[in-house]
Amino acid sequence: MIIGKVVGSLFSTKKSEKLVGSKFMIVEPVEMMEIAQSRLVAIDGIGAGIGEYVIVAQGSAARIGCDKEDAPIDAAIVGIIDEGQDWSK
Amino acid sequence: MIIGKVVGSLFSTKKSEKLVGSKFMIVEPVEMMEIAQSRLVAIDGIGAGIGEYVIVAQGSAARIGCDKEDAPIDAAIVGIIDEGQDWSK
Amino acid sequence: MIIGKVVGSLFSTKKSEKLVGSKFMIVEPVEMMEIAQSRLVAIDGIGAGIGEYVIVAQGSAARIGCDKEDAPIDAAIVGIIDEGQDWSK
Amino acid sequence: MIIGKVVGSLFSTKKSEKLVGSKFMIVEPVEMMEIAQSRLVAIDGIGAGIGEYVIVAQGSAARIGCDKEDAPIDAAIVGIIDEGQDWSK
Amino acid sequence: MIIGKVVGSLFSTKKSEKLVGSKFMIVEPVEMMEIAQSRLVAIDGIGAGIGEYVIVAQGSAARIGCDKEDAPIDAAIVGIIDEGQDWSK
């Protein structure tokens with residue numbers, strides 16, 4: 001998984017039926033995790049807000065994280081990082 | 001998922017039988033999402049047109065997005081982004 | 001999926017039993033798709049020849065593309081691109 | 001799999017229910033394995049400590065490594081490397 | 001799949017039970033395949049030796065290549081390349 005900051009959300013009216021009700025968030029990986037990874041779109045299944053630092057799971061794990069195993073999802077927010085932690089050490 | 005712009009389509013007469021009827025689109029990721037990702041070929045299951053900005057799912061999620069779980073697809077257009085949104089902030 | 005050119009083939013006598021009969025091809029992604037991807041070895045299930053431009057599927061999609069779901073394959077040639085198309089626009 | 005050093009841990013109170021009880025560790029790949037890979041968050045299923053060198057499996061393998069096949073996990077610590085080995089040769 | 005050279009092996013006494021009996025090899029991708037890929041740890045299921053050039057499958061294909069579908073493996077040596085071939089042309 002990677003750590004990222006939620007920087008925005010995204011609307012898509014015309015989409016796969018299986019994505020109806022899914023919330024698209026734009027996540028920016030934190031600096032130490034960004035070499036191979038630019039921003040990505042992740043589905044939020046736990047109620048993350050813009051500005052929060054989150055844990056993003058990718059691949060088949062993402063569908064499981066959203067309890068939407070039959071939806072075309074390859075990235076999901078699966079945890080919000082508790083405040084006051086320094087993961088850059 | 002990533003955001004990209006549909007920049008072209010592609011024809012392949014000789015292909016896996018399971019891909020018959022699939023529409024190959026060439027998608028160019030938007031700038032903020034392109035570090036690790038150059039253009040790719042994605043199957044369109046929702047009727048995206050050239051010039052539209054779309055959400056692309058990759059990996060096993062792509063087959064699910066196209067309702068073609070037994071087809072050799074690793075990238076699919078799963079949503080068209082509503083106009084008037086600025087995802088570069 | 002990505003577009004690549006078949007630039008060679010490869011022989012492996014000592015290999016996983018499940019790969020017996022599989023044809024290993026070396027594929028070089030076309031320039032606009034090569035940032036994150038150098039050459040790779042893909043299984044050919046449709047009869048591609050050296051010099052042809054092909055569509056390569058990766059990940060679990062590759063096994064499906066070759067109808068070899070129990071073989072250790074992570075890249076497969078799933079289509080040959082029709083001649084006369086310009087995908088670099 | 002890649003080799004990395006456990007450099008920290010991470011707490012997430014608000015997370016996917018399926019992750020309750022999982023221990024989030026921050027792993028830094030060793031130099032020879034870091035070109036395409038910056039730090040990542042991996043679930044520890046074997047009791048690795050900070051400072052130890054570990055083997056990290058990614059993708060669907062990670063869920064299997066943690067015996068949590070229905071949890072949204074895409075990276076797991078699956079082995080601790082015995083001391084006294086030089087893998088940089 | 002990628003082509004790499006086996007450059008070393010690795011011991012891990014404390015590891016996932018499902019990895020008991022697996023042999024960890026360090027593989028260095030050949031130059032033309034190394035842009036996105038630094039060294040990696042792959043399980044050897046076919047008896048490759050140090051110095052040999054091998055074919056490595058990644059992702060879920062790796063578990064299949066080792067006949068260890070329930071083990072946390074994301075890279076496996078699935079073939080040894082016959083000598084006398086030039087794959088750099």
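These figures come from a predicted structure and were not determined experimentally.

Visitor: It is not clear to me how the overall build of chain A should be interpreted in this structure. Could you clarify?
Guide: The helix and strand inventory of chain A stands at one helix and six strands. Helices and strands in chain A line up, N terminus first, as β-β-β-β-β-α-β. Once the C-alpha set of chain A is aligned to its principal axes, its extents read approximately 40 × 25 × 20 Å. The proportion of buried residues among the 89 residues of chain A is 57%. If you take every contact in chain A between residues at least 6 apart in sequence, the share linking residues at least 24 apart comes to 54%. Summed over all atoms, the accessible surface of chain A reaches about 3600 Å², with 47% contributed by carbon and sulfur. Looking at charge distribution, chain A has the averaged site of its 9 positive side-chain charges lying 7 Å from that of its 13 negative ones.

Visitor: Sorry, what's going on with the interface of chain A and chain D here?
Guide: Each partner contributes residues to the interface: chain A has 28 residues there, and chain D has 30 residues. The junction of chain A with chain D conceals about 2200 Å² of combined surface from both sides, 55% of it contributed by carbon and sulfur atoms. Applying the counting criterion to the chain A and chain D interface returns zero salt bridges. Taken together, chain A and chain D are joined by 11 residue pairs in polar contact (both at pLDDT 80 or more). Put simply, the parts of the chain that give the side of chain A that touches chain D at least two residues each are strand 1 (2-10), strand 5 (53-58), helix 1 (60-65) and strand 6 (75-80) of chain A. Its residues assigned to classes, the side of chain A that touches chain D comprises 17 nonpolar, seven polar and four charged. Where strand 6 of chain A lies against strand 2 (residues 14-15) of chain D, two bridges are found, and the strand directions are antiparallel.

Visitor: Help me out: how do you make sense of the side chain of E:Ser60 in this one?
Guide: Along the chain, E:Ser60 turns up in helix 1 (residues 60-65). The exposure class of E:Ser60 is buried, given its relative accessible area of 18%. There is a polar contact of 3.2 Å between the side chain of E:Ser60 and the side chain of C:Arg63.

Visitor: Please clarify how the relation of the copies chain E and chain D should be interpreted in this entry.
Guide: Two chain copies, one operation linking them: a rotation about an axis together with a shift along it. Superposition of chain E onto chain D requires a rotation of 72° combined with a translation of 0.0 Å along the rotation axis, giving an RMSD of 0.0 Å. Between the two chains, the operation in question is that of a five-fold axis. Of the interface residues in chain E, just 10% have counterparts in chain D that sit at the interface too, so the contact is made through distinct surfaces.

Visitor: Explanation requested: the arrangement of the chains in the structure shown.
Guide: Between chain B and chain D there is no contact, and the shortest C-alpha to C-alpha separation is 9 Å. Over all C-alpha pairs, chain B and chain E never come within contact, reaching a minimum spacing of 9 Å.

Visitor: Help me understand the interface of chain E and chain D in this model?
Guide: Think of interface size as the accessible area that goes away when the parts come together; that is how it is often given. Counting residues at the interface gives 30 residues for chain E, matched by 28 residues for chain D. When the two sides are added together, the surface that chain E and chain D hide from each other amounts to roughly 2200 Å², 56% of it contributed by carbon and sulfur. Inspection of the chain E/chain D interface yields zero salt bridges. Taken together, chain E and chain D are joined by 11 residue pairs in polar contact (both at pLDDT 80 or more). Contributing elements (two or more residues each) for the side of chain E that touches chain D: strand 1 (2-10), strand 2 (14-15), strand 3 (24-29), strand 4 (40-44) and helix 1 of chain E. Residue contributions to the side of chain E that touches chain D peak at four residues, all from strand 4 of chain E.

Visitor: Please clarify how the nonpolar core should be interpreted in this entry.
Guide: Most often, soluble globular proteins have nonpolar side chains that are buried together. Residues A:Ile77, B:Ile77, C:Ile77, D:Ile77 and E:Ile77 are the most contacted members of the largest nonpolar core, which totals 170 residues. With sequence-adjacent residues up to four places away left out, D:Ile77 is seen in contact with D:Val6, D:Met25, D:Val27, D:Ala42, D:Ile43, D:Asp44, D:Gly45, D:Ile46, D:Ala48, D:Val54, D:Ile55 and D:Val56.

Visitor: Can you help me understand the relation of the copies chain A and chain D in this one?
Guide: Under the fitted operation, chain A is carried onto chain D by 0.0 Å of movement along the axis and a turn of 72°, and the coordinates agree to an RMSD of 0.0 Å. Interface overlap between copies is the fraction of interface residues in one copy that are interface residues in the other; for chain A against chain D it is only 11%, indicating separate surfaces.

Visitor: Looking at this structure, how should I read the environment of A:Met25?
Guide: All names here are of chain A. Secondary-structure assignment places Met25 in strand 3 (residues 24-29). Placed 16 residues apart in sequence, Met25 and Val41 show a C-alpha to C-alpha distance of 5.6 Å. For Met25, the residues in contact, after removing those within four places along its chain, are Val6, Gly8, Ser9, Leu40, Val41, Ala42, Asp44, Ala48, Ile50 and Ile77.

Visitor: What is the right way to read the pattern of salt bridges from this model?
Guide: Two side chains with opposite charge may pair up if their charged atoms get near one another. Residue and element names in this part refer to chain C. In this structure the tally under the stated criterion is five salt bridges over all chains. Its salt-bridge partner being Arg39, residue Glu28 comes within 2.6 Å of it at the nearest N-O pair. Residue Glu28 is found in strand 3 (residues 24-29), and its partner Arg39 is found in the loop between strand 3 and strand 4 (40-44); the two are separated by 11 residues along the sequence. The class for Arg39 is buried, based on a relative accessible area of 12%.

Visitor: Would you mind showing me how to read a negative patch on the surface here?
Guide: On the surface, A:Glu69, A:Asp70, B:Glu69, B:Asp70, C:Glu69, C:Asp70, D:Glu69, D:Asp70, E:Glu69 and E:Asp70 cluster together into a negatively charged patch. E:Asp70 gets classed as partly exposed once you look at its relative accessible area, which sits at 46%.

Visitor: How should the confidence of the model for chain A be read in this particular structure?
Guide: Averaged over all residues, the pLDDT of chain A equals 85, while 92% of them reach at least 70. Scored by ipTM, the complex comes to 0.85, with pTM at 0.86.

Visitor: Whenever I open this one, the pairing of strand 4 of chain C confuses me. Can you help?
Guide: Along any regular strand the residues' side chains alternate between the sheet's two faces. Residue and element names in this part refer to chain C. Among the five residues in strand 4, five count as buried, and that is most of the element. Neither face of strand 4 is exposed, since Leu40, Ala42 and Asp44 on one face and Val41 and Ile43 on the opposite face are all buried. Here strand 3 pairs with strand 4 via four bridges, running antiparallel. Following the sheet pairing, Val27 is matched in strand 4 by Leu40.

Visitor: For this particular structure, what's the right way to read the pairing of strand 4 (residues 40-44) of chain B?
Guide: As defined by bridge partners, strand 4 of chain B adjoins strand 6 (residues 75-80) of chain B across two bridges and the pair is classed as parallel. Directly across from B:Asp44, in strand 6 of chain B, lies its bridge partner B:Ile77.

Visitor: What is the right way to read the environment of C:Leu10 from this model?
Guide: By the element assignment, C:Leu10 lies in strand 1 (residues 2-10). In sequence terms C:Leu10 and C:Ala42 are 32 residues apart; their C-alpha atoms lie 9.9 Å from each other.

Procedures and definitions
Residues numbered from 1 in each chain as written. Chains lettered and ligands numbered in written order. Predicted model: local features only at pLDDT ≥ 70, side-chain atom pairs only at ≥ 80, totals over all residues. Heavy atoms only, no water. Helix = DSSP H or I, 4+ residues; strand = E, 2+ residues; numbered from the N terminus. Buried < 20%, exposed > 50% of the residue type's maximum accessible area, 1.4 Å probe, protein only. Contact = heavy atoms within 4.5 Å. Areas by Shrake-Rupley, 256 points an atom, 1.4 Å probe, with all protein chains shown as cover. Lys, Arg positive; Asp, Glu negative; His and termini not counted. Charge placed at Lys NZ, Arg CZ, Asp CG, Glu CD. Buried area = accessible area lost by both parts, 1.4 Å probe. Salt bridge = Lys/Arg side-chain N within 4 Å of Asp/Glu carboxyl O. Polar contact = N/O pair within 3.5 Å; in protein donor to acceptor, adjacent residues only side chain to side chain. Nonpolar A, V, L, I, M, F, W, Y, C, P; charged D, E, K, R; others polar. Pairing = 2+ DSSP bridges. Least-squares fit on C-alpha atoms with pLDDT ≥ 70 in both. Core = buried A, V, L, I, M, F, W, Y, C linked by side-chain atoms within 4.5 Å. Patch = residues over 30% accessible without salt bridge, like charges linked within 9 Å, V, L, I, M, F, W, Y side chains within 5 Å. pLDDT = per-residue confidence, 0-100.

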